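Commentary on secondary and tertiary structure
For reference, the chains in residue letters:
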Amino acid sequence: MHCQPRYKGPVYIWLKNNQACLLCDEPSDSALALCAPCLDELPWLGAQCSVCALPLPGPGLTCGQCLQEPPAFQRVIAPWRYDFPVDSLISRFKHHEKWPFGRLMAELLGQFLHYRFDEGLPRPDCLLPVPLSRRRLRQRGFNQAGMLAQWLGASLQLVVQPKLLLRTQDTPAQQGLDARARQRNLRQAFALADQAQVAGRHLALVDDVLTTGATAQALARLLINAGARRVDIYCLARTPSPGTGD
């Protein structure tokens, strides 16, 4: 007679969980690898543009750029400013293969989005990671946006379509360029693998950092022109001014 349930998954005894905070190395007081004091001290994004999430002096405002030239995307959702220590965590995840940092930030972004959905933010039909060029993918070995999208999809119970967006051209490095220069770089840089999977759908692009928004704008315009009903941007951080991110 078997008195124990047949369960082959991992079993955790939380009373013996001594997980350390990834920032201060002190014991974490939750299931996350981040202690409560370090969580509170992250550079949470406060007052921001109601469209592109650019930090602004007061709540409920829309930045001049979005008023003059409304973007193709509906809204940017980002929990943090691109500032210490979030900028360091993203850099170490992105350039040094420190995947636990990316996983931690994806978990926190997932919690943040759950909260926003409860507040009334519409849930998308699926998540689309921003694609890397073949050259950059060979150099880095992985697409950080793709990893973030997979973690988010599992947390939010959303479908992820990692191959729907294609990067068809290698473009020069974007760092240090203004918005117009980035837009010139990105002309004809993206394509759709299957336009039929876009029409009438609410889609969310996933990336690590939003700087000028040129990449998000190029992809959102491509999706809207293909018939998407709405495009949102989910990212970890927003730069305080255009061009200061990675």
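Residues numbered from 1 in each chain as written. Predicted model: local features only at pLDDT ≥ 70, side-chain atom pairs only at ≥ 80, totals over all residues. Heavy atoms only, no water.

For the protein chain, the name recorded in an unreviewed UniProt entry is Protein GntX, with Pseudomonas protegens as its organism. What UniProt states about the protein chain under its Sequence similarities (unreviewed entry) heading is, verbatim, "Belongs to the ComF/GntX family." (UniProt positions renumbered as here; feature names shortened; annotations may be inferred.)

1. Notes on helix 6 (residues 144-156)
The terminal C-alpha atoms of helix 6 lie 18 Å apart, and with 13 residues this matches the ideal 18 Å at 1.5 Å per residue to within 8%. Helix 6 sits mainly inside the fold: ten of its 13 residues count as buried. Where helix 6 is concerned, the buried positions are Q144, A145, G146, M147, L148, A149, W151, L152, G153 and L156. Where helix 6 begins, the side chain of N143 points an oxygen toward the backbone nitrogen of A145, at a separation of 3.0 Å. At the exit of helix 6 stands Q157, carrying a positive phi of roughly 55 degrees. (Helix = DSSP H or I, 4+ residues; strand = E, 2+ residues; numbered from the N terminus. Expected span 1.5 Å × (residues − 1). Buried < 20%, exposed > 50% of the residue type's maximum accessible area, 1.4 Å probe, protein only. Polar contact = N/O pair within 3.5 Å; in protein donor to acceptor, adjacent residues only side chain to side chain.)

2. Brief notes about the pairing of strand 8 (residues 230-238)
With respect to burial, strand 8 is a largely interior element, nine of its nine residues being buried. Bridging between strand 1 (residues 75-77) and strand 8 involves three bridges; their strand directions are parallel. Of the residues in strand 8, the one forming a bridge with V76 is I233. Inspection of the sheet shows strand 2 (residues 80-81) paired to strand 8 by two bridges, in the parallel sense. Bridge pairing links W80 to A237 in strand 8. Sheet analysis places strand 7 (residues 202-210) next to strand 8, joined by eight bridges and oriented parallel. Its bridge partner lying in strand 8, V206 is registered against Y234. With helix 8 (residues 214-225) bridging strand 7 and its parallel neighbour strand 8, the resulting β-α-β unit is right-handed. (Pairing = 2+ DSSP bridges. Right-handed = clockwise from strand over helix to strand, strands pointing away.)

3. Quick word on the environment of C63
Topologically, C63 is positioned in the loop between helix 1 (36-40) and helix 2 (64-68). According to the relative accessible area criterion, C63 is buried, its value standing at 7%. With residues up to four places along the chain from it excluded, the contact list for C63 reads C49, C52, L54 and L56. (Contact = heavy atoms within 4.5 Å.)

4. Digging into the side chain of Q144
Relative to the helices and strands, Q144 resides in helix 6. Owing to a relative accessible area of 4%, Q144 belongs among the buried residues under this scheme. Polar side-chain contacts of Q144 include one of 2.7 Å to the side chain of R140. Sequence-distant contacts of Q144, that is, excluding residues within four places in its chain, are made with F93, K94, L132, D207 and D208.

5. Thoughts on the pairing of strand 3 (residues 126-129)
Side-chain positions along a regular strand alternate between the two faces of the sheet. Side chains C126 and L128 project from strand 3 onto one buried face, and the interleaved L127 and P129 project onto a second face that is buried too. Judged from the two bridges that link them, strand 3 and strand 4 (residues 159-160) form a sheet pairing that is parallel. Looking across to strand 4, one finds that L127 is bridged to V160.

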